[in-house]
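Read off the chains here:
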Amino acid sequence: MADQRWRGIPRRVVLTQSVDISQQNLHQASALGTSSYSSGFQYTLDNPLLSYEQRRFYEENGYLVIPKLVKDDILDECRKHFIDLCEGKFDKGLMTLMKDVSLAKTNAKGEFLYNKVQDFVWDDVFSTYIVLPELLDYVECFTGPHITAVHTMLINKPPDSGKMTSTHPLHQDLHYFPFRPADRIVASWTAMEEVTEQNGCLFVLPGTHKGTLQKHDYPNWEGGVNKAYHGVLGHDNFPKVMLPMNKGDTVFFHPLLIHGSGPNVTKGFRKAISCHYASSNCYFIDVMGTSQENIAKEVEGIAKQKGFNIDFQEIWRNKSRLVRGPERSFQQSKL
């Protein structure tokens, strides 16, 4: 039953595995001008901001939480801007507002109806988060000094309708990205208010960033699944770590880390703002014939409905914005 999905999830489990440094990764590191492979680090770069213990934790687990990184005034302004957007007080332009599948045909309005806005890299208010210097200083520890913001979201988890559609299935973010290498991509996810197990905090499967990209598809849930909420199968019994966070806390995580979130069973909301960043030296790959072909066709179909007849790679170029370092664009496929 849907309401049984998240019972029995442990609060804290840490998995450890040895770091596999392949010849391909060494080649990619050299091409990107990084030196951490020689010092025993694969997923973080030499940078005095992170302590040795923080780097080792990210290397072993694939995520790292930095408390109170983003100030309240920035989050409060973004929160108000989101509510104004949901209420139609200004034109959304090229931003995408998404409705919760169980609420789309109800009388829900405003922030009670919309569970996400994405693609806001050029919005004057929301973009104050993605260009925040103290945030980019941490991002640089994973991507290097040339940083492109590649995907932006403000996730508004409304009170669940009872169909558990506010649940986000286990997934890997790399499933959505046609660029590599994965080790030079990182997500930042910041709590805009207190995030708890009751209102649907993130949970992660530590150590899974050392694996490979797995096949994703829509889970067969009785209450339905929100648009583009693809998931991986076969990990429901894998030990999970819950990530309750305070307002302003930020978690950075690897795009291969398997993660998800539970339902919001409270009467309030659970808002978070997020951005994925990549080294500006990353390169595009052709995903046709791979496990990512299904999401590529779905995204291209959505773009076509909006009047844009462009391919998966071009969609991601248009969603991206240089935020640190000299002007440069993703390179063409090297694979």
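- Going by the annotation in an unreviewed UniProt entry, the name recorded for the protein is phytanoyl-CoA dioxygenase, with Megalurothrips usitatus given as the source organism.
- We quote the UniProt Pathway (unreviewed entry) comment for the protein here in full: "Lipid metabolism; fatty acid metabolism."
- Regarding the protein, the relevant UniProt record gives this comment under Sequence similarities (unreviewed entry): "Belongs to the PhyH family."

1. What about the overall build of the protein?
Stage number 1. Each helix and strand counted, the protein has seven helices and 14 strands in total.
Stage number 2. Looking at the protein residue by residue over its 335 residues, the buried ones come to 58%.
Stage number 3. Taking contacts inside the protein between residues at least 6 apart in sequence as the whole, the part at least 24 apart equals 82%.
Stage number 4. Approximately 14,700 Å² of the protein is accessible, and the part contributed by carbon and sulfur atoms is 51%.

2. Quick notes on unusual backbone geometry
Excluding glycine, a negative phi dihedral is what most residues carry, and trans is how most peptide bonds are arranged.
Stage number 1. The omega angle of the peptide bond from Arg-180 to Pro-181 is 5°, so this bond is cis rather than trans.
Stage number 2. Among the secondary structure elements, Pro-181 is positioned in the loop between strand 6 (179–180) and strand 7 (185–191).
Stage number 3. Backbone geometry at Lys-68 places phi at a positive 50°, although glycine is not the residue there.
Stage number 4. With respect to the helices and strands, the residue Lys-68 is situated in the loop between strand 1 (63–66) and helix 3 (72–86).
Stage number 5. One non-glycine residue, Asp-119, lies in positive phi territory at about 65°.
Stage number 6. Note that Asp-119 resides in the loop between strand 3 (114–118) and helix 4 (127–130).
Stage number 7. Owing to a relative accessible area of 18%, Asp-119 belongs among the buried residues under this scheme.

3. Brief notes about the confidence of the model for the protein
Stage number 1. Taken as a whole, the protein shows an average pLDDT of 83; of its residues, 79% reach a score of 70 or greater.
Stage number 2. In this model, residues 1–35 is a region of pLDDT below 50 whose contacts with residues beyond four sequence positions or in other chains number 62 contacts.

4. Considering the sheet that holds strand 11 (residues 259–261)
Stage number 1. Read across the sheet, four strands follow the order 5-11-8-9 without closing on themselves; strand pairing throughout is antiparallel. This sheet does not close on itself; its edge strands, each paired only once, are strand 5 (168–171) and strand 9 (241–243). Within the sheet, the average angular offset between the axes of one strand and its neighbour, ignoring direction, is 20°.
Stage number 2. Both strand 8 (residues 202–204) and strand 9 contribute to a ladder of three bridges, which runs antiparallel. In the sheet register, Val-204 faces strand 9, and the bridge partner there is Val-241.

5. Looking at helix 5 (residues 133–143)
Stage number 1. The complete set of buried residues in helix 5 reads Leu-135, Leu-136, Tyr-138, Val-139, Cys-141, Phe-142 and Thr-143.
Stage number 2. One or two steps after helix 5, the chain reaches Gly-144, where phi turns positive at roughly 95°.

6. Observations regarding the environment of Lys-306
Stage number 1. Assignment of secondary structure puts Lys-306 in the loop between helix 6 (293–305) and helix 7 (312–318).
Stage number 2. By relative accessible area, Lys-306 is classed as partly exposed at 45%.
Stage number 3. Note: C-alpha distance between Lys-306 and Leu-94 (212 residues apart in sequence) is 9.7 Å.
Stage number 4. Of note is the side chain of Lys-306, whose polar atom sits 2.8 Å from the side chain of Thr-96.

7. Quick word on the pairing of strand 10 (residues 250–253)
Stage number 1. Here strand 10 shows two buried faces, one formed by Thr-250 and Phe-252 and the other by Val-251 and Phe-253.
Stage number 2. With four bridges joining them, strand 1 and strand 10 adopt antiparallel strand pairing. Note that in strand 10 the partner of Ile-66 across the bridge is Thr-250.
Stage number 3. Looking at chain direction, strand 7 and strand 10 are connected through four bridges and run antiparallel. Looking at strand 10, one finds that Thr-190 is bridged to Thr-250.

8. Considerations on the pattern of salt bridges
Two side chains of opposite charge can pair, provided their charged atoms sit close to one another.
Stage number 1. Across all of its chains, the model carries 15 salt bridges by this definition.
Stage number 2. A salt bridge links Arg-79 to Glu-193; its shortest N-O distance comes to 3.3 Å. Linking Arg-79 in helix 3 with Glu-193 in the loop between strand 7 and strand 8, this pair joins segments that are 114 residues apart in sequence.
Stage number 3. For Arg-79, a relative accessible area of 27% corresponds to the partly exposed category.
Stage number 4. With a relative accessible area of 14%, Glu-193 lands in the buried category.
Stage number 5. The network of salt bridges with shared partners includes Lys-80, Asp-84, Glu-87 and Lys-89.

Thresholds, definitions, all that
Within every chain, residues take consecutive numbers counted from 1 along the sequence as written. With the structure being a predicted model, the display of local features is reserved for residues of pLDDT at least 70 and the display and counting of side-chain atom pairs for 80 or more, all residues being used for whole-chain, interface and lining totals. Hydrogens are left out, water is left out, and the side-chain values use all remaining heavy atoms of the structure. UniProt positions are given in the numbering used here, feature names are shortened, and annotations may be inferred rather than shown by experiment. Each helix is a run of DSSP H or I of at least 4 residues and each strand a run of E of at least 2, with the numbering of both proceeding from the N terminus. Note on exposure labels: buried denotes an accessible area under 20% of the residue type's maximum, exposed denotes more than 50%, and partly exposed covers the range between, all computed with a 1.4 Å probe on protein chains only. Only heavy atoms enter the contact rule, under which two residues are in contact if any of them lie within 4.5 Å. Using a 1.4 Å probe, accessible areas were evaluated by the Shrake-Rupley method; residue-level cover was limited to the displayed protein chains. pLDDT expresses, on a scale from 0 to 100, how confident the predictor is about each individual residue. At least two bridges found by DSSP between two strands is the condition for calling them paired. Note on geometry: axes are lines fitted to C-alpha atoms, helical ones only across the stretch in contact, with angles between N-to-C directions running from 0 to 180 degrees. Polar contacts, as used here, are pairs of N or O atoms within 3.5 Å; protein pairs need one atom able to donate a hydrogen and one able to accept it. Residues neighboring in sequence count only if both atoms are side-chain atoms. Any Lys or Arg side-chain nitrogen located within 4 Å of an Asp or Glu carboxyl oxygen qualifies as a salt bridge.

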